[in-house]
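Structural characterization, general
Now for the letters of each chain:
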Amino acid sequence: MHHCNAIRDIYAREILDSRGNPTIETQVLLADGTIGTASVPSGASTGRYEAKELRDKEKQDRYCGRGVERAVNHVNDRIAREVIGVNALEQTELDHLLIRLDGTEDKSNLGANAILSVSMAAAKAAAMSLNLPLYRYLGGVHTRRIPVPMMNVLNGGRHADNIIDFQEFMIMPAGACCFREGLRMCTEVYHMIKALLKGRGYHTGVGDEGGFAPDLPDTGSVCDILMEAIETAGYRAGKDIVLCLDAAASEIYDRDFGKYVFVGESKGKEKKVVRTAEELIDYYAELIEKYPIVSIEDGLEEEDFPGWELMNTRLGLQTQLVGDDLFVTSTKRLQRGIDCRAANAVLVKINQIGTLTEAFDTIRMAREYGYRSIVSHRSGETADTTIADIAVAFGTGQIKTGAPCRSERVEKYNRLLKIEEELGDTAIYKNPFS
Ligand SMILES: O=C(O)[C@@H](CO)OP(=O)(O)O
Ligand SMILES: [Mg+2]
């Protein structure tokens, strides 16, 4: 109890996220006076099997009403009573205590957002009290690898009000020499995309993650613009910069119909464009043939493990196939995918599972089975930069954190710039696909 790293007090409040929705921020005070502060993001295209946050928005909050307020009260009341006195350095114990206290499979009792805010704030306080940067505290002395950004530059799906069916089009500076250089390259391409869109009369408003959201008719025309922007900016597409997709296929899947419906692509056509899982895999194969696409996330919907297996057999050797809604950062779901060879990579979103310890377990399991991990933001974000430190701490080699023009995303990039500077000559940056 009198240990200097013991939690002395804890306090949560309601703040706003980048979509203007309430979210939770929690502060943990240690006996030595250190304060750790953390805030929690929120998704729009959430996976069915994600841990449940207590949110205000009705569609995400099965209790309806003031969800975040209840999450805040849970931290200040029930959680505070239990965690005061716990040693903040014992992250695993603390997280397991929170899981037990909640008592449900999906954290719907206290709220995954309430629980995660405490988990994160305690880790930050512990690092600070040891005078260590967070990545060093979480990763130890061997921590040296800076992730390559998967930068979202064009938005569609649930993240924008345009007609593009797939959710995210990303560029990745795989051929850069260091993070700073890679970030600069991507930013130049981002600006070039804007110029090209403008020149062709498309609007240049952006989606939730800062990627442009023009009404381009289909995936091919989006990829064409990206290719042109890369080349015009002076880079070699496929060498210096490669492409990645997040199809977020669960969002376009019609369960009753058993097919994927491409509403945007159907515009102006007589017949609706629909694809079965097999046809969608063929479509990906065509796209990969034509464009330097190295990674496809949520290529199929979250229930279709057999479909994923087929996709992995067809495309998995040359393409990174990332499970986001499919795995929801859960070791249980990931194990199922591993058993049936469903994919070869996992997206890691700490709020999908609700504690740091469980997210770390998922990264560890992925590594054991030769899966890659990509640490990721949510479409509703805050200024919190914990995910940048996690990516470095675990040397995942890849991070997905949006466009370079919305502060809540830029915060993460700027944090990585700072970490790379701190690591100096010891920093490692390398193409995750070579
Ligand atoms: O699908 C995704 O990968 C994420 C983040 O880009 O979106 P959301 O947070 O809306 O789930
Ligand atoms: Mg996704």
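Here the structure is a predicted model, which is why all the values come from computation and not from measurement.

Right, let's get into the packing of aromatic side chains. The tally for this structure, following the rule as stated, stands at eight aromatic pairs. Through successive ring pairs, a cluster of aromatic residues spans F166, F262, Y283 and Y284. Here R275 stacks its cationic end above the ring of F262, 4.4 Å away from the centre of that ring. In this structure, R275 packs its charged tip against the face of Y283, placed 3.7 Å from the ring centre.

So, on to the coordination of the magnesium ion (ligand 2). In the first shell of the magnesium ion (ligand 2), the protein supplies D246 (OD), E297 (OE) and D324 (OD), at 2.0 to 2.2 Å from the metal. Coordination of the magnesium ion (ligand 2) draws on donor residues from a single chain, spaced D-x50-E-x26-D in sequence. You can see E297 sitting in strand β10 (residues 293-297) and its partner D324 sitting in the loop between β11 (320-323) and α10 (331-339), a full 27 residues away along the chain. Overall, the relative accessible area of 1% leaves E297 in the buried class.

To continue, consider the environment of L30. Structurally, L30 can be placed in strand β2 (residues 22-30). By relative accessible area, L30 is classed as buried at 0%. Remark: the alpha-carbon pair of L30 and N5, spanning 25 residues in sequence, is separated by 5.6 Å. Every residue in contact with L30, bar those within four places of it in the chain, is listed here: C4, N5, A6, I7, R8, A88, A125, A126 and S129.

Cut-offs used in this document
Residues numbered from 1 in each chain as written. Chains lettered and ligands numbered in written order. Predicted model: local features only at pLDDT ≥ 70, side-chain atom pairs only at ≥ 80, totals over all residues. Heavy atoms only, no water. Phe/Tyr/Trp six-rings, centres within 6.5 Å; stacked < 30°, edge-to-face > 60°. Lys NZ or Arg CZ within 6 Å of the ring centre and 35° of its normal. Donors = N, O, S within 2.8 Å, 3.2 Å for Na, K, Ca; no water. Helix = DSSP H or I, 4+ residues; strand = E, 2+ residues; numbered from the N terminus. Buried < 20%, exposed > 50% of the residue type's maximum accessible area, 1.4 Å probe, protein only. Contact = heavy atoms within 4.5 Å.

Functional significance is not addressed by these values, which are geometric in nature.
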